[in-house]
Structures are given as structure tokens and as C-alpha cells.
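Examining the three-dimensional arrangement
Next come the chains, spelled out residue by residue.
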Amino acid sequence: MQRILIVSDTHKRLGNLYEALEKEGSVDAMIHLGDLEGDEDIVNEMIPGPVYMVPGNNDYYSQAPRELEIQIAGKNVLLTHGHYYYVSLDLQTIRQEGIARGMDIVMFGHTHRPVIQVEDEITLINPGSISYPRQQDGKCTYIIMEISDSGEFTFELKSV
Ligand SMILES: [Mn+2]
């Protein structure tokens, strides 16, 4: 089994992310979906395993590519901050983009509001913000993605 921690929009405040990592124990990889505001190097070193990150609309000086397409257990996964697809309005544009590009899963941030939308065609994932949540319950959220040995994906929304 593989466990991946998905997080976004830390905006220079990493305390809750450290707490989440401590709580979760070892994870195999971490995905950060942008708006780190200069903490890229620190986040890169937070776990021994791979860290995938994309810049957000507040990461002006980042040299990283603006999106990443990666493969996880045979699935095509698009990592993007989401602001190019107007995700604050609705999820239609990003959903269509993901389908058009042959993605199985699209992960994004930007809205500071968590989403786990699993459909036959595509899965949309937003871990919310672990530092500055904007959804009703005000919880500082992240997502743990588990991939079983038989290749089954599950997503669990968690909070610190
Ligand atoms: Mn943000």
C-alpha cells in the first residue's frame, strides 16, 4: 500500500503541515498544489520521499513548471494550482481540461475549499488549505490518498 499526503495553500505558514506529517507518520510522497510563498525548499525536504509541487498565483518567483503531469500507480494525474481554470467560479473548466488531456485525476488548490469528487470519467481533488481555510467549518484540511496493492484509490479528507 502507498500513502500520499496532498496539501495546498500554506502561504508561508507551515505549522499545521508539520503537525499533519507528524500525525500521519511516514508517507511515501507528498503533493503541494501551490501558494507556498517562498517555502519551496523547506517543503521539498520535509519527507525523505518525493515531493511534487506546482506554483500558485502568489508564487511569483518560482522557476518550477506551472503544471505537472505525473503517473501514480498507472493513473494519469494532473497537478495544477487551478487559477488558470477559474476554479473559484465552478469546476466545469478544469473538469473538461482534465478529460481532454486524458487525465484520470486532477488535483488543484487555490479556492482554500476541499473537494473530493469521484466520477467515472474523472476524479477532482482539492485538499483545501491547511493554513487558511475558507469553507464553512473552518477546518485546516489535507487529503490522504491511499493506493492499495491491488491498485484501488481512496481519498480521505483530514484536518489538523
Ligand atoms: Mn492561495
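This report concerns the structure included in the present document. (Residues numbered from 1 in each chain as written. Predicted model: local features only at pLDDT ≥ 70, side-chain atom pairs only at ≥ 80, totals over all residues. Heavy atoms only, no water.)

Turning our eyes to something else, we now look at the sheet that holds strand 8 (residues 123-126). If you trace the 5 strands from one edge of the open sheet to the other, you get 4-5-6-8-7, paired in mixed fashion. Of all the strands in the sheet, just strand 4 (67-72) and strand 7 (115-118) have a single pairing partner and so form its edges. Taken pair by pair, the neighbouring strands of this sheet meet at an average axis angle of 20 degrees, ignoring direction. (Pairing = 2+ DSSP bridges. Helix = DSSP H or I, 4+ residues; strand = E, 2+ residues; numbered from the N terminus. Axes fitted to C-alpha atoms, helices over the stretch in contact; angles between N-to-C directions.)

Spatial strand order, 3-2-1-9-10: 5 strands in an open sheet with mixed pairing. Looking at the sheet topology across the chains shown, the edges are occupied by strand 3 (51-53) and strand 10 (153-159). With direction set aside, neighbouring strand axes in the sheet form an average angle of 20 degrees. Where strand 9 (residues 141-147) lies against strand 10, 7 bridges are found, and the strand directions are antiparallel. In the strand pairing of strand 10, Ile144 is matched with Glu156. Across the sheet, helix 1 (residues 15-24) lies against strand 1 (2-7), strand 2 (29-32), strand 9 and strand 10, angled at about 165 degrees from strand 1, the strand it touches most. (Contact = heavy atoms within 4.5 Å.)

What follows is about the environment of Thr141. Topologically, Thr141 is positioned in strand 9. For Thr141, a relative accessible area of 3% translates into the label buried. For the pair Thr141 and His83, spaced 58 residues apart in sequence, the C-alpha to C-alpha distance is 19 Å. Beyond its immediate chain neighbours, meaning those up to four positions away, Thr141 contacts Pro114, Pro127, Gly128, Ser129, Ile130, Gln135, Leu157, Lys158 and Ser159. A polar atom in the side chain of Thr141 sits 2.8 Å from the backbone oxygen of Pro127. (Buried < 20%, exposed > 50% of the residue type's maximum accessible area, 1.4 Å probe, protein only. Polar contact = N/O pair within 3.5 Å; in protein donor to acceptor, adjacent residues only side chain to side chain.)

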